[in-house]
Amino acid sequence: MSLSENTLKQIKKAAFLMKPDRHARGGDAEFEMLFITPQRIIEVNIPVKMDDGKLKIFKGFRVQHNNTMGPYKGGIRYHQDVDMEEVKALAFWMTIKCSVMGLDLGGAKGGIVVNPKELSKGEVEKLTRAYVRLIANDIGPTFDIPAPDVNTNPEIMSLIYDEYSKIAGKDSPGVVTGKPVDNHGSKGRDIATAQGGVFVLHELVQEQKMVTAETRVVIQGFGNAGGVVAKLLAAEGYKIVGASDSQGGIICNYGIDSESLLQCKVEKKTVKECGLHVTELHGLSGASCKKVSNEELLEQECDILVLAALENQITVKNAPKIKAKFILELANGPTSPDADDILKERGVVVIPDILANAGGVTVSYFEMLQNAAGVSWSLEEVFEKLKEKMITAFKEVQQMAEKYKCTLREAAYIRAISRIEAGLKAKSLL
Ligand code: GLU
């Protein structure tokens, strides 16, 4: 099933549950018509003179899905497999995510078809600046504000800020979020996605009266979000028993020292080469620490599975074999709708992406507020506000789930759709 089909199915599921309410407010078809189709799609061909003197053209996208609730907002990813289809789905999820969180923002997403690991630093800079020149008229601090996503980082955000400011003829830090802290960025933005997810997960674990030291966690994706989540969960006392990246992973039943694994990944570049290293650190025999493929990792015995890699990881194929009781979706779209049905039937509770990973865009929103006011909040202030936003949204989603007797994902959609419907009505579009 394609990602667009996934998004349509998710909306239809939620709309169906809301039916009695929705009927009184107007038909489904009009809402779907207004909401599923992105408001604007931009495709550009980005010319870059490479280090060897040859010209290369890269494909770039920006999809502005919906701005009913506020300016378009969403990251830009650099990945060799990006396509328009994926960017459309990701832009749609941004609109939903911002609405679940009650932020005055719409949804957008950008992407460039490139493996940045194959480019020099200078080439990445040229590519980024050229992309900004092509989309400069379509973005802006009150219109569309990009941010980091897969394979993009604060340094790349600085380049966007700089190039856009030159074109706009004025210093415009508000054009992008996720900037370095010493260049108008917000404190805590770098770890906000992981921190937001941990706030919600920990709340759920406490509600369930689970003991953190006995709670076994497996993390798929040990990058930006997954690596930080391991550190944060370890600090709360959770037992990390498995981790992986795109090359494969390791399972260590006695527990992984997340700090050592993070260090080792920097040295050896991949998690799977760190098995022995971690074992040695614990002074235990290598037997209980084994290398696994990404597929095997997902099916490991554990209490919590954190999905922090890419889309479509849990499908109808592996959903029946998932052993975790709870899933935290830090990636966007890691579970297909059909897999969701299987997990629901099997009683696996999923904290959905549109809530679980919303900490990133929430602190982006805080960054916009700080830039607009010309102030800088302390880390404590940022995380206090983030925690409040995450827990409030989580509780409201839980209430919806109880009211409609549905999953947390369906409930999150219902909450998001209700807000956007009200927004569309206020604009006399429904
Ligand atoms: N790329 C992140 C996401 O998928 C953050 C977007 C933002 O901060 O605007 O939520």
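Located above this text is the structure these notes cover.
A brief structural summary. (Residues numbered from 1 in each chain as written. Predicted model: local features only at pLDDT ≥ 70, side-chain atom pairs only at ≥ 80, totals over all residues. Heavy atoms only, no water.)

**A closer look at the overall build of the protein**
- What the protein contains, in helices and strands, is 16 helices and 12 strands.
- Relative to a compact globule of 430 residues, whose C-alpha radius of gyration would be 22 Å, the protein shows 21 Å and is just as compact.
- Judged by the C-alpha coordinates and their principal axes, the protein covers about 60 × 60 × 40 Å.
- Relative to its 430 residues, the protein shows a buried fraction of 58%.
- A total of about 17700 Å² of accessible surface is found on the protein, and carbon and sulfur atoms cover 53% of it.
- Once the 54 positive and 56 negative side-chain charges of the protein are each reduced to a mean point, those two points are 2 Å apart. (Helix = DSSP H or I, 4+ residues; strand = E, 2+ residues; numbered from the N terminus. Rg over C-alpha atoms; globule rule 2.2 N^0.38 Å. Buried < 20%, exposed > 50% of the residue type's maximum accessible area, 1.4 Å probe, protein only. Areas by Shrake-Rupley, 256 points an atom, 1.4 Å probe, with all protein chains shown as cover. Lys, Arg positive; Asp, Glu negative; His and termini not counted. Charge placed at Lys NZ, Arg CZ, Asp CG, Glu CD.)

**Comments concerning the state of the cysteines**
- Inspection of every chain in the model, using the stated rule, returns 1 disulfide.
- Covalent S-S linkage joins C264 and C274, the inter-sulfur distance amounting to 2.1 Å. Residues C264 and C274 are joined by a disulfide whose S-S torsion is about -100°; by sign, that bridge is left-handed. Of the two residues, C264 sits in helix α9 (residues 258–268) while C274 sits in the loop between α9 and α10 (275–282), which places them 10 residues apart along the sequence.
- A relative accessible area of 1% means that C264 is categorised as buried.
- Unpaired in terms of disulfides, C302 finds its nearest cysteine sulfur in C252, a separation of 14 Å. (Disulfide = S-S within 2.5 Å.)

**What to know about the site of the ligand**
- For the ligand, the set of nearby residues contains 14 residues, the closest of which are K73, K97, P148, D149 and S364.
- Between K97 and the ligand, the recorded distance is 2.6 Å, taken from a side-chain N or O atom to an oxygen atom.
- A distance of 2.9 Å separates a nitrogen atom of the ligand from a polar atom in the backbone of P148.
- Look at the ligand: alone it shows 300 Å² of surface, and the protein chains cover 95% of it. (Near = heavy atom within 4 Å. Polar contact = N/O pair within 3.5 Å; in protein donor to acceptor, adjacent residues only side chain to side chain.)

**Section: the pattern of salt bridges**
- On inspection of all chains with the given rule, the structure shows 26 salt bridges.
- Here E163 and R133 are joined by a salt bridge, their closest N and O atoms 3.2 Å apart. Within this pair, whereas E163 is found in helix α6 (residues 154–168), its partner R133 is found in helix α5 (residues 121–135), the two being separated by 30 residues in sequence.
- Judged by its relative accessible area of 6%, E163 is buried.
- R133 sits in the partly exposed class, given a relative accessible area of 48%.
- Across the salt bridge formed by K395 and E203, the nearest N and O atoms sit 2.9 Å from each other. Linking K395 in helix α15 (residues 379–404) with E203 in helix α7 (residues 192–207), this pair joins segments that are 192 residues apart in sequence.
- Connected via shared salt-bridge partners are E125, R129, R133, D162, E163 and K166. (Salt bridge = Lys/Arg side-chain N within 4 Å of Asp/Glu carboxyl O.)

**Here we look at the packing of aromatic side chains**
- Summed over the entire model, instances satisfying the criterion amount to 3 aromatic pairs.
- For the pair Y72 and F143, a centre-to-centre distance of 5.4 Å together with 80° between the ring planes defines the contact as edge-to-face. With a gap of 71 residues between them, Y72 in strand β3 (residues 72–79) and F143 in the loop between α5 and β5 (144–148) connect regions that are remote in the sequence.
- You can call Y72 buried: its relative accessible area is 4%.
- According to the relative accessible area criterion, F143 is partly exposed, its value standing at 29%.
- Pairing F366 with W377 gives two aromatic rings, centres 5.5 Å apart and planes at 50°, and the pair type is tilted. A residue pair is termed long-range when its members are at least 10 positions apart, and F366 in helix α14 (residues 359–373) and W377 in the loop between α14 and α15 qualify at 11 residues. A single burial state applies to F366 and to W377, both of which are buried.
- A cation over a ring is seen here: K385 above W377, with NZ or CZ 4.3 Å from the ring centre. (Phe/Tyr/Trp six-rings, centres within 6.5 Å; stacked < 30°, edge-to-face > 60°. Lys NZ or Arg CZ within 6 Å of the ring centre and 35° of its normal.)

**Re the nonpolar core**
- Counting 84 residues, the largest nonpolar core has I96, L233, V306 and Y413 as the members making the most contacts within it.
- Core analysis: the next-biggest nonpolar cluster, separate from the first, contains 26 residues, I46, F58, I112 and M157 among them. (Core = buried A, V, L, I, M, F, W, Y, C linked by side-chain atoms within 4.5 Å.)

**Here we look at the packing of α7 against α15**
- Packing of α7 against α15 leaves a shortest axis separation of 9 Å and a crossing angle of 50°. Of the possible angle classes, the one that applies to α7 and α15 is oblique. In the crossing of α7 with α15, the sense of the turn from one axis to the other is right-handed. Contacts between α7 and α15 involve A192, Q195, G196, F199, V200, E203, L204 and E207 on the former and, on the latter, F383, L386, K387, M390, I391, F394, K395 and Q398.
- The residue inventory of the contact of α7 with α15, partitioned by class, reads 9 nonpolar, 3 polar and 4 charged. (Axes fitted to C-alpha atoms, helices over the stretch in contact; angles between N-to-C directions. Parallel < 35°, antiparallel > 145°, perpendicular 65-115°, else oblique. Left-handed = near helix turned anticlockwise from the far one by under 90°. Contact = heavy atoms within 4.5 Å. Nonpolar A, V, L, I, M, F, W, Y, C, P; charged D, E, K, R; others polar.)

**Structural notes on unusual backbone geometry**
- Not every positive phi belongs to a glycine, and K209 is a case in point at roughly 55°.
- Its place among the elements puts K209 in the loop between α7 and β6 (216–220).
- Within the chain, K269 stands out as a residue other than glycine whose phi angle is a positive 70°.
- When you line up the elements, K269 lands in the loop between α9 and α10.
- Owing to a relative accessible area of 64%, K269 belongs among the exposed residues under this scheme.

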